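One-letter residues, chain by chain:
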Amino acid sequence: MRIAILSRNKKLYSTKRMIEAAEQRGHEVQVLDVLRCYMNITSLKPEIHLNGQVIDNFDAVIPRIGASVTFYGTAVLRQFEMMGVYPLNESVAISRSRDKLRASQLFARKGIGLPVTGFANKPDDIKDLIKMVGGAPLVIKLLSGTQGIGVVLAETQKAAESVIESFLGLKASVLVQEFIKEAGGADIRCFVVGEKVVATMMRQGKEGEFRSNIHRGGSAKVITITPEERATALRAANTMGLNVCGVDILRSSRGPLVMEVNSSPGLEGIENATGKDIAGTIIEFMEKNARHGKTRTKGGR
Ligand code: ADP
Ligand code: MG
């Protein structure tokens, strides 16, 4: 196959591993900087250009689109889809999972466990919003945050009120969420490829930190998950429509709760923690599934 990787940086661990795994299996790989791709949107013959050249000879595309370039990145990916190139993850599925509000609503619709979550717009409604999610302590999340930045634990009613008020005052959209204390600052990353959870790790926040993100100083170790956690991870991946993703789950006293689904999950943490060749597993999945024009949504909503 000729595989394009949409990534802004060839030197990132995950990108390097995908190149390595694909070349080992005899595929040709090219890394494309998604922000340098530009496009001709015509119904007869949609095209993507890069440095004055037409790009039209790829069989499959691996999107590794960072959160800060979601808008442009998914537009480029959609263009590949219109040209019939097989996407490892589809643009619509990526957009769904990037929007924490939309994702939570879809999980709720499918009956998947998630922390009680509220969303409001007007400062007048803050008191009732807090009551709705069970009062303080509670977690406040910026809709656009990643890597733990923009996730705040408000320990008291007063703190919660003033933090939410400040965010709304700045015109920032926030989710207000029940705090799952019994998770103990840890969460479970389930790495999904196709219909399987291929690797799992537990991430533990550093001492005194409720956020488990590795970027916030958390550490990872291997764990075994329960059948219920496995089923929850697969249902969450399926609800987003993602073939490859990292499903983050909190262990609560009422069972597994899905926090988010990451459409470009990093390989470094999970490969190092488990010693597994996840990049190879992803390329194998593409070998079995990549067909011209095989997208579920053809770039639609
Ligand atoms: P981000 O997209 O920035 O990673 P998350 O929603 O994943 O945001 O939250 C970051 C971390 O904060 C999680 O990995 C988890 O450890 C902790 N956390 C998030 N929400 C809750 C919650 N409702 N209860 C307990 N801990 C939480
Ligand atoms: Mg997270």
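Up top is the structure these notes are about.
Let us look at the structure shown here. This one's a predicted model, so the numbers in the text were calculated from it and none came from an experiment.

## Some words on the overall build of the chain
Logical step 1: The number of helices and strands found in the chain is 9 helices and 16 strands.
Logical step 2: A globule of 301 residues ought to have a C-alpha radius of gyration of about 19 Å, and the chain, at 20 Å, matches this closely.
Logical step 3: Counting all 301 residues of the chain, 53% fall into the buried class.
Logical step 4: Taking the intrachain contacts of the chain between residues at least 6 apart in sequence as the baseline, contacts between residues at least 24 apart amount to 67%.
Logical step 5: Total accessible area computed for the chain in this model is approximately 14,500 Å², and 51% of it derives from carbon and sulfur atoms.
Logical step 6: A gap of 2 Å separates the mean positions of the 42 positive and 31 negative side-chain charges of the chain.

## Considering the nonpolar core
Logical step 1: L32, F80, V247 and V261 are the most contacted members of the largest nonpolar core, which has 41 residues in total.
Logical step 2: Of the residues that make up this core, three or more belong to each of domain 1 (2-89) and domain 3 (182-285).
Logical step 3: With 27 residues, the next largest nonpolar core counts A22, I62, V198 and A199 among its residues.

## Focus on the pattern of salt bridges
Logical step 1: Inspection of every chain in the model, using the stated rule, returns 17 salt bridges.
Logical step 2: The partner of R2 in a salt bridge is E28, with the nearest N and O atoms 3.0 Å apart. With a gap of 26 residues between them, R2 in strand β1 (residues 2-6) and E28 in strand β2 (residues 28-32) connect regions that are remote in the sequence.
Logical step 3: Here E28 falls in the partly exposed class, since its relative accessible area comes to 48%.
Logical step 4: R254 is paired through a salt bridge with E178; the nearest N and O atoms lie 2.8 Å apart. On the criterion of sequence distance, the pair formed by R254 in the loop between β15 (244-252) and β16 (255-262) and E178 in strand β11 (residues 174-178) is long-range, its members being 76 residues apart.
Logical step 5: Classification of R254 by relative accessible area gives partly exposed; the value is 47%.
Logical step 6: Residue E178 is classed as buried on the basis of its relative accessible area of 17%.
Logical step 7: Linked by salt bridges that have partners in common, R17, E20, R25, E271, D277 and E284 make up one network.

## Topic: the sheet that holds strand β5 (residues 53-55)
Logical step 1: If you trace the 3 strands from one edge of the open sheet to the other, you get β3-β4-β5, paired in antiparallel fashion. Each of the sheet's edge strands pairs with one partner strand only, and the pair in question is β3 (38-40) and β5. Direction aside, neighbouring strands of the sheet carry axes that sit 40 degrees apart on average.
Logical step 2: In the sheet, strand β4 (residues 47-50) pairs with β5 via 3 bridges, with the strands oriented antiparallel.

## Overview of the environment of T200
Logical step 1: Position of T200 relative to the elements: it lies in strand β13 (residues 196-204).
Logical step 2: Classification of T200 as buried rests on a relative accessible area of 9%.
Logical step 3: Here the alpha-carbon distance between T200 and I188, two residues 12 residues apart in the chain, equals 7.0 Å.
Logical step 4: Residues within four places of T200 in sequence aside, it is in contact with R189, C190, V222, I223, I225, I270 and T274.
Logical step 5: Polar side-chain contacts of T200 include one of 2.9 Å to the backbone oxygen of I223.

Basis of the calculations
- Residues numbered from 1 in each chain as written.
- Chains lettered and ligands numbered in written order.
- Predicted model: local features only at pLDDT ≥ 70, side-chain atom pairs only at ≥ 80, totals over all residues.
- Heavy atoms only, no water.
- Helix = DSSP H or I, 4+ residues; strand = E, 2+ residues; numbered from the N terminus.
- Rg over C-alpha atoms; globule rule 2.2 N^0.38 Å.
- Buried < 20%, exposed > 50% of the residue type's maximum accessible area, 1.4 Å probe, protein only.
- Contact = heavy atoms within 4.5 Å.
- Areas by Shrake-Rupley, 256 points an atom, 1.4 Å probe, with all protein chains shown as cover.
- Lys, Arg positive; Asp, Glu negative; His and termini not counted.
- Charge placed at Lys NZ, Arg CZ, Asp CG, Glu CD.
- Core = buried A, V, L, I, M, F, W, Y, C linked by side-chain atoms within 4.5 Å.
- Domains from an automatic or database assignment.
- Salt bridge = Lys/Arg side-chain N within 4 Å of Asp/Glu carboxyl O.
- Pairing = 2+ DSSP bridges.
- Axes fitted to C-alpha atoms, helices over the stretch in contact; angles between N-to-C directions.
- Polar contact = N/O pair within 3.5 Å; in protein donor to acceptor, adjacent residues only side chain to side chain.

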